[in-house]
Amino acid sequence: MLDMESVPAPYQEVQPHWFFCLRADDNTSWLPFSREDSDKLERANTAGDEKEEVVVAVDGERYDINVKERKRYAVYWEQAPTEVRRCTWFYKGDKDTTFKPYPEAFSQSLEAYMIAVTLDEWKRKLEFPTGETVILHNPKLIMHYQPFGLQDEWVSSPSEQTRPRTVKRGVDSISVEIPDVSDFRSASLSLLASHYKRAQQDGQVGRVEFLPVNWHNALHGDATGVDEDIQRITLPSISRLRHFTNDTLLDLFFYNSPTYCQTIVDTVASEINRLHALFKQRHPGFSGAVSVVGHSLGSLILFDLLTNQRTGSETREGVPSGELRHLNCDTLEQTLTRLGLQQYLDTLQAENLDLESLALCHDSDLKVLGIPLGPRKKILNYVRRKWLPEVRNSKTTPQFHREQSVTSAVDYEYFDVGIGQVSIEYPQFAFQPQTFFAFGSPIGMFLTVRGLKHIDPNYTFPTCKNFYNIYHPYDPVAYRIEPMIVSEVDLEPMLIPHHKGRKRMHLELKDSLTRMSMDLKNNVLGSLRTAWQSFARLPVAALPPVEEGETTIERHLEETQEIKVGMLNGGRRIDYVLQEKPIESFNEYLFAIQSHLCYWESEDTALLLLKEIYDKLGVTFEQPQQ
C-alpha cells in the first residue's frame, strides 16, 4: 500500500505579479499593479526582445512602463520615475505592517525552494555573500536572518543575529489588496459598473478619465522666490502650523495679488490645455466632452477663467483667434532670436523640438537639456503668453451688480462683467468645457468680498453652460452661490442622495425626531407611532416612491428642479450638499478640516458627476439592489 500523505506535493512555478515603488526617494513603499496591468507587463516581458525598448501603458494610460529599464513614468504630470519589479517572493520584518517584494535577483536565488519541494528535504539553509541566511523550515515557514551590519566571524548561528523576516512565495500567499484603479477614479468605475451596467454593456457609455492639474509648484518654485521671501519674515514659533499656513492658506492671498495672480492663471490654463492636447494625442479616437473640476481655491481660479473666456468670431475651436499668431508664422530660430537666446537653437533642434512641442515642455525638461534658469523662464513664458489674447475686446455685457465701494481705491479692475478680478490677462482654454464642478468652494465669499451683491439670473459662462457648487455641510471653506442669484426666496440646498438611493439612517432618524417633537404638541400617541414606524423602515429607501422605470436618485434630484435659480446652470439648481456621516454629526468642529478634503473619496459626489455627464448622452442609470 502507498501512503499518499507521504508523497510530497509537486513543485509548481510561482505566478509573478508586478509592483511599483510609490516614491522615487523611498524604496520601502510598494504597491501592486491591477491584475490587468500586471498581465500586460508580464506578456510584454515574456515576448519582448532584450535589445528592444518595450513601453506598456498602464493605469488608464496615465503611466508608461519601460519594461527593460523597470521604470514607471507619469504621462500627464511631472513626477520622478520610480522603480518597477516583477515580484515572486515577499518579506515582512518584525516592525513591518505589510509584505514588501524582494529584488528580482534575490527572488531568483530563493527559487532553490524547488529542490526542497521536489526532494521533500526541508530545513535547508540558503546563504548569501552579504551574510544573510534564509532557512526553509517547511513550505509554510521560511525565515530570513540578517546579521548586525557586517558579518563577524564569531556570529555562527541565526539565533545570534537580528530578529528574522517572514518570507512568503507568490502574491496569493500575502495579504495585499490588488486594485482595479485608484481613488476618485476607482469610485467612478465602481459606480459605472453598478449604476450604468446595461449602458456600458451596450456600448452607450465609456469610462470617465480624471487628470490632475498641478499649479502649486509654479507658485512655490525657484522662479518666483516667494517661499524664500515668506520664510525670512516667518516667526520661529509653532513651526509646523506656520509651515502649513505658508504652504497652503497663503495661496488665497497670493491669488489676490497682481504679481502672483498672473502666474497662477497662466499655469492653470496652460497646464489644462497641455493635458487636453496630450490626451487627444494619445487617444485620437476620443470624441467625448470635457468637464473641469475645481477644489477650494482651484474652483475660484476656474470661475474667473471661465468668466473671461471668449465665444463666436473671437475664437477658433475654443481658442482665441490671436492665440498662435507668432508661433505659426515664426520659426524656432526666429523666436529664439527675438528673445536673444539663439545660442540654444542647436540644443533644442538636437531634441527635434519645434514651437508646438516646446509649448508642451515643462521647466524640468529644459533643465535636463542644460539650459540655465533665466533662459528657461524666458522661453517658457514667451511661448505660453502667446496663448493669451493680445487685445481684450468685446466684453460681456454687465451681469453682476456691485455695491458702491466705501474703501480706498486699490489696484483692481472691475471689468464689464464686474466680478472684481485683479487686473491681469486671462488666458483662453483650447476647448469649451461641458460642465464646471466646484468642490468645497469659496467662490461666494470671494465675490462678496470683492463687493458684489447680486448675480444677474440671466448670466452664464461664455463657453460653459453647466455649473454645480458641491459642498460638505461642515466644510469651513465652502460657501453657497444660489442666495446671490435668488435673494428673495430662502432656498435650501439640494441634498445629494446616498449612492445607494436613500438618506443616511441618522439623517432620517433626525428628521423623524423633528417631526415627533412637533407632533407632541397635538397628539402624543400619534407621534410615538410615527417615530416607531420611522425606526422600523430605516433600512428601506427613505426617498419618495417612484414610478416604474424611474430611480429614487433621479426622482430626488429632479423633484425640485422647477425652482428657477438663473441660467448659470441652465435654470437648474446649483448648490448641492453632501450628507454627513453619522460619526461626523457628533462633533462638527472635529471633522471640519477633514470635511474639506472628503470630496475625492465620496461615491455620492462621483455619482453626481457621472449623472451630469451621462445625462447629456441621454443615458439614465439603474438603481442597484439594496
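Per chain, residues are indexed from 1 in the order of the written sequence. For a predicted model such as this one, the threshold for reporting local features is a pLDDT of at least 70, and the threshold for listing and counting side-chain atom pairs is 80 or more; totals across whole chains, interfaces and linings nevertheless cover every residue. Note that the side-chain values use all heavy atoms of the structure and ignore hydrogens as well as water.

The chain has the name Phospholipase DDHD2 in an unreviewed UniProt entry, where Scophthalmus maximus is given as its organism. UniProt positions are given in the numbering used here, feature names are shortened, and annotations may be inferred rather than shown by experiment. UniProt, in the comment section headed Sequence similarities (unreviewed entry), describes the chain in these words: "Belongs to the PA-PLA1 family."

Draft legend 1. Highlighting the packing of aromatic side chains. A pair of aromatic rings is counted whenever rings of Phe, Tyr or Trp (Trp by its six-membered ring) have centres within 6.5 Å, and the orientation is called stacked for planes under 30 degrees apart, edge-to-face for over 60 and tilted otherwise. Within this structure, the stated rule accounts for 22 aromatic pairs. Ring centres of W89 and Y113 lie 5.6 Å apart, and the angle between their planes is 75 degrees; on these two criteria the pair is classed as edge-to-face. In this pair, W89 is assigned in strand β7 (residues 89–92) and Y113 in helix α3 (residues 113–119), connecting sequence segments 24 residues apart. When a residue's accessible area, from a 1.4 Å probe over protein chains only, is under 20% of the maximum for its type it is buried; when over 50% it is exposed; and in between it is partly exposed. Of the residues examined, Y113 reaches a relative accessible area of 12% and is grouped as buried. Consider the rings of F303 and F461, whose centres lie 5.3 Å apart with planes at 80 degrees: the pair is edge-to-face. A residue pair is termed long-range when its members are at least 10 positions apart, and F303 in helix α10 (residues 297–307) and F461 in the loop between β18 (452–455) and β19 (467–471) qualify at 158 residues. Take F461: its relative accessible area is 0%, and that puts it in the buried class. In this structure an aromatic cluster arises from ring pairing among F303, F436, Y459, F461 and F467. Note on criteria: charge over ring means Lys NZ or Arg CZ within 6 Å of the ring centre, with the direction from the centre no more than 35 degrees off the ring normal. For R72, the ring lying beneath its charged end belongs to F20, and the centroid distance is 4.1 Å. For the cation-ring pair, R72 lies above Y63, with the distance from its terminal atom to the ring centre recorded as 3.7 Å. Strands are runs of DSSP state E lasting at least two residues, helices are runs of H or I lasting at least four, and both sets are numbered from the N terminus onward.

Draft legend 2. Up close: the pattern of salt bridges. Whenever a carboxyl oxygen of Asp or Glu lies within 4 Å of a side-chain nitrogen of Lys or Arg, that contact is scored as a salt bridge. Taken as a whole, this structure holds 22 salt bridges when the rule is applied. Two residues, R163 and D94, come together in a salt bridge whose shortest N-O distance is 3.3 Å. One end of the pair, R163, is in the loop between β11 (141–145) and β12 (165–169); the other, D94, is in the loop between β7 and β8 (100–101), and 69 residues separate them in sequence. With a closest N to O distance of 3.4 Å, D96 and K100 form a salt bridge. Residue D96 is classed as partly exposed on the basis of its relative accessible area of 28%. Through salt bridges with shared partners, one network takes in R480, E482, R573 and D575.

Draft legend 3. How the structure looks around the pairing of β19. In terms of residue burial, β19 counts as a mostly covered element, since 5 of its 5 residues are buried. Here β19 shows no split at all, with F467, N469 and Y471 on one side and Y468 and I470 on the other all buried. Here, a strand pair is defined by DSSP locating no fewer than two bridges between the strands. Here strand β17 (residues 436–439) pairs with β19 via 4 bridges, running parallel. Looking across to β19, one finds that F439 is bridged to I470. The sheet contact formed by β19 and strand β21 (residues 575–577) spans 3 bridges and is parallel. Bridge pairing links I470 to Y576 in β21.

Draft legend 4. Spatial organisation of unusual backbone geometry. The backbone phi angle of E61 is positive, close to 65 degrees, even though this residue is not glycine. With respect to the helices, strands and loops of the structure, E61 is situated in the loop between β3 (55–58) and β4 (63–66). Accessibility expressed as a relative area gives 29% for E61, which makes it partly exposed.

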